[in-house]
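Each chain, letter by letter, is given below.
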Amino acid sequence: VTRARISRTVAAVTKSPDVHLSKERGSGSAGYEDLVRKAAGGDDASMETLLVRAQETAYRFSLLVCGHVEDAEDVMQDALLKTYRHVRRIRKPGAFRTWLYSTVRNACLMKRRRRAGEPKQLLSLDGTDGTGREDPRGPSPVDMEDAGKTPDELMMDAWIGARLRRALAALSPAHRTVVVLREMEGLSTREVAAVTGISEANVKTRLHRARVQLKRALETS
Amino acid sequence: MNHDDATCREMLERISAYLDGDLDERSCRDVRRHCRDCPACATLLANLERTVGLCREAGAKPLPESVREQARAHVRDLLRRAERRR
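Residues numbered from 1 in each chain as written. Chains lettered and ligands numbered in written order. Predicted model: local features only at pLDDT ≥ 70, side-chain atom pairs only at ≥ 80, totals over all residues. Heavy atoms only, no water.

Overview of the interface of chain B and chain A
Defined as follows: In what follows, a contact means two residues having at least one pair of non-hydrogen atoms within 4.5 Å. Salt bridges are defined as contacts in which a side-chain nitrogen from Lys or Arg sits within 4 Å of a carboxyl oxygen from Asp or Glu. Here a polar contact is taken to be a pair of N or O atoms separated by no more than 3.5 Å, where protein atoms must pair a possible hydrogen donor with a possible acceptor and residues adjacent in sequence count only if both atoms sit in side chains. Secondary structure elements follow DSSP: runs of H or I no shorter than four residues count as helices, runs of E no shorter than two count as strands, and numbering proceeds from the N terminus.
Across the boundary between the two partners, chain B contributes 43 residues, which contact 45 residues of chain A. Counting every contact that joins chain B to chain A gives four salt bridges. For Lys204(A), the salt bridge is made with Asp22(B), and the minimal N-O distance between the two is 3.7 Å. Here chain B is connected to chain A by twelve residue pairs in polar contact (both at pLDDT 80 or more). At 16 residues, the largest contribution of residues to the side of chain B that touches chain A is made by helix 3 (residues 39-59) of chain B.

Here you go:
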């Protein structure tokens, strides 16, 4: 069985020529640039779309990298205000995307520093949800399955799946940041380098190590 | 995988570049040839490709509607306040 599986894998890898994985995904910085240009030029609809999109970017990045819903909500609001101010006096619309991710990353770093002294999880000691109320019907099957998970984990599991959430959590913050930016947010190597402040060569090295670690974490989860 | 094997070690170092399409045609051919002869590296390559694919698939998932509605409400509120200040 194992030999057959390996043969299939080898065949799958070697038969396809250089399709590889697509380098650029989504609308990319070009999509943002057009929107930013229009918003800066006074187009209200574009401004509205841009502000919603910037907040979604902030929320996604914060939740994927830091894993806290409450922080993601704060980072989202922070991104809204900063984007609104920034876009009205922007000089280089093409640089907006890296500016946004850098801003969001900094906000996340501040949040992480604040959390550094806190306990890992806020756990109820009395078996309630923290409000003192208990469900008289007892725990539901979902409750049983999700017992021990924090609300943050439940939210992430519903969104990206428990397996990937656990595998991402196994990475160091630096590796997780590169994976999220490159693989999940679709930034180019150059953009990731600009956001994280490391060289493109280091981004590639870090990304490779993170991919290998992520693969191992997925295999063991 | 036998990591004492220099070719396998070299393959491991180039595998991400191969996946990202950063290698030239000759290097790509080398990687493919090596994978034909080395099931361990072929498996590694396939598993890494699956890992990256899983991330990209998850990255394309929209946020829950409640979050998106929250974002829209924030924008409406901000623009309303900005309008009043004008």
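Points about the confidence of the model for chain B
All names here are of chain B. Where we set the bar: Values of pLDDT, the confidence the predictor places in each residue, fall between 0 and 100.
Scored by pLDDT, chain B comes out at a mean of 90, with 95% of its residues at no less than 70. Within chain B, helix 3 carries the highest mean pLDDT (95), whereas helix 1 (residues 6-19) carries the lowest (88). Here the predicted complex carries an ipTM of 0.88, next to a pTM of 0.81.

Structural notes on the packing of helix 3 (residues 44-66) of chain A against helix 4 (residues 65-85) of chain B
For clarity, the cut-off: For every element, the axis is a line fit to its C-alpha atoms; helices are fit only across the contacting stretch, and the angle between N-to-C directions ranges from 0 to 180 degrees. With respect to orientation, any angle under 35 degrees is reported as roughly parallel, any angle over 145 as roughly antiparallel, any angle of 65 to 115 as roughly perpendicular, and every other angle as oblique. Handedness of each helix crossing follows the sense of rotation of the near helix against the far helix: counterclockwise by less than a right angle gives left-handed, clockwise gives right-handed. The nonpolar class holds Ala, Val, Leu, Ile, Met, Phe, Trp, Tyr, Cys and Pro. Asp, Glu, Lys and Arg form the charged class, and all remaining residues, Gly among them, are polar.
The contact between helix 3 of chain A and helix 4 of chain B brings their axes to 9 Å, and the two run at 135 degrees. With respect to each other, helix 3 of chain A and helix 4 of chain B are oriented oblique. Like other packed secondary-structure pairs, helix 3 of chain A and helix 4 of chain B cross with a definite hand, here right-handed. Of the residues in helix 4 of chain B, those in contact with Met47(A), Glu48(A), Leu51(A), Val52(A), Gln55(A), Glu56(A) and Tyr59(A) of helix 3 of chain A are Val67(B), Arg68(B), Ala71(B), Arg72(B), His74(B), Val75(B), Leu78(B) and Leu79(B). Looking at the contact of helix 3 of chain A with helix 4 of chain B, its residues break down into nine nonpolar, two polar and four charged.

Side note on the packing of helix 10 (residues 189-196) of chain A against helix 11 (residues 200-220) of chain A
Residues and elements named next belong to chain A. Relative to each other, helix 10 and helix 11 sit at 100 degrees, their axes nearing to 8 Å. Looking at the two axes, helix 10 sits roughly perpendicular to helix 11. Here helix 10 contributes Thr189, Arg190, Val192, Ala193 and Thr196 to the contact with helix 11, which in turn contributes Glu200, Val203 and Lys204. Its residues assigned to classes, the contact of helix 10 with helix 11 shows three nonpolar, two polar and three charged.

Overview of a positive patch on the surface
We apply this condition: Like-charged residues are merged into a patch within 9 Å and nonpolar side chains (Val, Leu, Ile, Met, Phe, Trp, Tyr) within 5 Å, provided each residue has over 30% relative accessible area and no salt bridge. Values of accessible area rely on a 1.4 Å probe in the Shrake-Rupley scheme; residue burial ignores everything except the protein chains shown. For the purpose of counting charges, residues Lys and Arg are taken to be positive, whereas Asp and Glu are taken to be negative. His and the chain ends are not included. Lys charges are placed at NZ, Arg charges at CZ, Asp charges at CG and Glu charges at CD. For the exposure calls, accessible area comes from a 1.4 Å probe over protein chains only, and a residue counts as buried if that area is under 20% of its type's maximum, exposed if over 50%, partly exposed in between.
A contiguous patch of positive charge on the surface is contributed by Arg88(A), Arg80(B), Arg84(B) and Arg85(B). Looking at the positive patch element by element, the count peaks at three residues for helix 4 of chain B. Inspection of the secondary structure assignment puts Arg88(A) in helix 4 (residues 69-88). The exposed category is assigned to Arg88(A), whose relative accessible area is 56%.

Overview of the confidence of the model for chain A
Residues and elements named next belong to chain A. Averaged over chain A, the pLDDT score is 82; the fraction of residues at 70 or greater is 73%. Here helix 1 (residues 2-15) stands out as the least confident element of chain A, with mean pLDDT 48; helix 9 (residues 173-184) is the most confident, with 97. Across residues 12-19, confidence stays below pLDDT 50; counting only partners more than four residues off in sequence or on other chains, it has 15 contacts. For the stretch residues 137-142, pLDDT sits under 50, and the model shows one contact to residues farther than four places along the chain or on other chains.

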